[in-house]
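# Coordinates in review
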Amino acid sequence: MTPPAGSLLSAQQLRKAYGPTPALDGAEFSIHPGEVVAIMGPSGSGKSTLLHCLAGIVPPDSGTILYEGRELSAMHDTERSALRRSEFGFVFQFGQLVPDLTCVENVALPLRLNGTPRRTAERAALSWMQRLEVDGLSGKRPGEVSGGQGQRVAVARSLVTGPRVIFADEPTGALDSLNGERVMELFTEAARSTNAAVVLVTHESRVAAYSDREVVVRDGKSRDVEHDV
Ligand SMILES: Nc1ncnc2c1ncn2[C@@H]1O[C@H](COP(=O)(O)OP(=O)(O)OP(=O)(O)O)[C@@H](O)[C@H]1O
Ligand SMILES: [Mg+2]
């Protein structure tokens, strides 16, 4: 199987089973630099499993995942972790901010883990927080901000290392529609400004509306859907 020309990240014939139940059953995926692709589908259809495989967090039972032409499964664990730290960004349903760190420390954390000195890391963190309109919350801890604010902090954190791909699993799933739409607006604008590709898992069509293209997963199989223009 060859990946579509020009793709940054692609998957061919992915299979993954947990016990007797297949979570992925021949799923295919590809994304170009700067593209925002929504993975949609009913609960239990395999969306998160697909995202975790693409991000190198969960190994598939079979199939190929290529990132910049290199097979993820052929990489050593340390190499895959380094890739996740430096070239991938993550946003999850419940921001997963570290409760004991302030918001600016949370945003700076991926840079700190890469060895960036504190002041440089926090300066970069603050500029992303400004972009996401949460710089006023820099000294607060995650427990002291609203859900929508926390998700914007999490989005800032996903962007701070300048990743090539951002993986987002239901990033607005815990928010009301107004907050969710504002987060998606700021998120996609910021990602587009850095040419990061975004793999966005959602089951809400109003969230998927911020994508360039939708892929529907059903029973572990994927299908491309063209957007109506
Ligand atoms: N760690 C796990 N152990 C066992 N089974 C799992 C595990 N993770 C997922 N599954 C199963 O694999 C299938 C796909 O799960 P997955 O989490 O990918 O679905 P999803 O589309 O993300 O669902 P949701 O919309 O509810 O988040 C489901 O049948 C689920 O029960
Ligand atoms: Mg899921």
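In this text, all values refer to a predicted model and were calculated from it rather than measured experimentally. (Residues numbered from 1 in each chain as written. Chains lettered and ligands numbered in written order. Predicted model: local features only at pLDDT ≥ 70, side-chain atom pairs only at ≥ 80, totals over all residues. Heavy atoms only, no water.)

Another aspect to go through is the environment of Leu51. The residue Leu51 is located in helix 1 (residues 47-54) in this model. Placed 116 residues apart in sequence, Leu51 and Phe167 show a C-alpha to C-alpha distance of 7.1 Å. Once you skip the residues sitting within four places of it in the chain, Leu51 turns out to touch Phe167, Ala168, Asp169, Val199 and Val201. (Helix = DSSP H or I, 4+ residues; strand = E, 2+ residues; numbered from the N terminus. Contact = heavy atoms within 4.5 Å.)

Moving on to the site of ligand 1. Around ligand 1, the neighbouring residues are Tyr18, Ala23, Pro42, Ser43, Gly44, Ser45, Gly46, Lys47, Ser48, Thr49 and His203. In this structure, an oxygen atom belonging to ligand 1 sits 2.6 Å away from a side-chain N or O atom of Ser43. Compared with its free state, where it exposes 640 Å², ligand 1 has 56% of that area covered by protein. With 3 residues, the single largest contributor to the shell around ligand 1 is helix 1. Residue classes in the shell around ligand 1 are distributed as 3 nonpolar, 7 polar and 1 charged. (Near = heavy atom within 4 Å. Polar contact = N/O pair within 3.5 Å; in protein donor to acceptor, adjacent residues only side chain to side chain. Areas by Shrake-Rupley, 256 points an atom, 1.4 Å probe, with all protein chains shown as cover. Nonpolar A, V, L, I, M, F, W, Y, C, P; charged D, E, K, R; others polar.)

This paragraph deals with the pairing of strand 1 (residues 9-18). Alignment of strand 1 against strand 2 (residues 21-31), held across 8 bridges, turns out to be antiparallel. When the sheet's bridge partners are listed, Leu9 is paired in strand 2 with Ile31. What sits between strand 1 and strand 2 in their antiparallel hairpin is a turn of 2 residues, with Gly19 showing a positive phi close to 65°. (Pairing = 2+ DSSP bridges.)

Below, the discussion takes up the nonpolar core. Ranked by internal contacts, the top residues of the largest apolar core, which has 38 residues, are Leu132 and Phe187. For this core, the secondary-structure elements that each account for two or more residues are strand 3 (36-40), helix 3 (103-113), helix 4 (118-131), helix 5 (147-159), strand 7 (165-169), helix 6 (177-194), strand 8 (197-201) and helix 7 (205-208). It is helix 6 that provides the largest number of residues to this core, a total of 6 residues. Non-local contacts of Phe187, meaning those with residues more than four positions away in its chain, are made with Val91, Leu132, Val155, Ser158, Ile166, Ala168 and Val198. Leu8, Leu72, Phe167 and Ala197 belong to the second-largest nonpolar core, a separate cluster that totals 31 residues. (Core = buried A, V, L, I, M, F, W, Y, C linked by side-chain atoms within 4.5 Å. Buried < 20%, exposed > 50% of the residue type's maximum accessible area, 1.4 Å probe, protein only.)

Turning our eyes to something else, we now look at the packing of aromatic side chains. For the structure shown, the criterion picks out 4 aromatic pairs. When the ring of Phe88 is compared with that of Phe167, the centres are 5.0 Å apart and the planes differ by 70°; the resulting orientation is edge-to-face. A residue pair is termed long-range when its members are at least 10 positions apart, and Phe88 in strand 6 (residues 88-91) and Phe167 in strand 7 qualify at 79 residues. With a relative accessible area of 0%, Phe167 lands in the buried category. For the ring pair Phe90 and Phe92, a centre distance of 6.0 Å and an interplane angle of 10° mean the geometry is stacked. With respect to class, Phe90 is no different from Phe92; both count as buried. An aromatic cluster of three or more residues is present, and its members are Tyr67, Phe88, Phe90, Phe92 and Phe167. (Phe/Tyr/Trp six-rings, centres within 6.5 Å; stacked < 30°, edge-to-face > 60°.)

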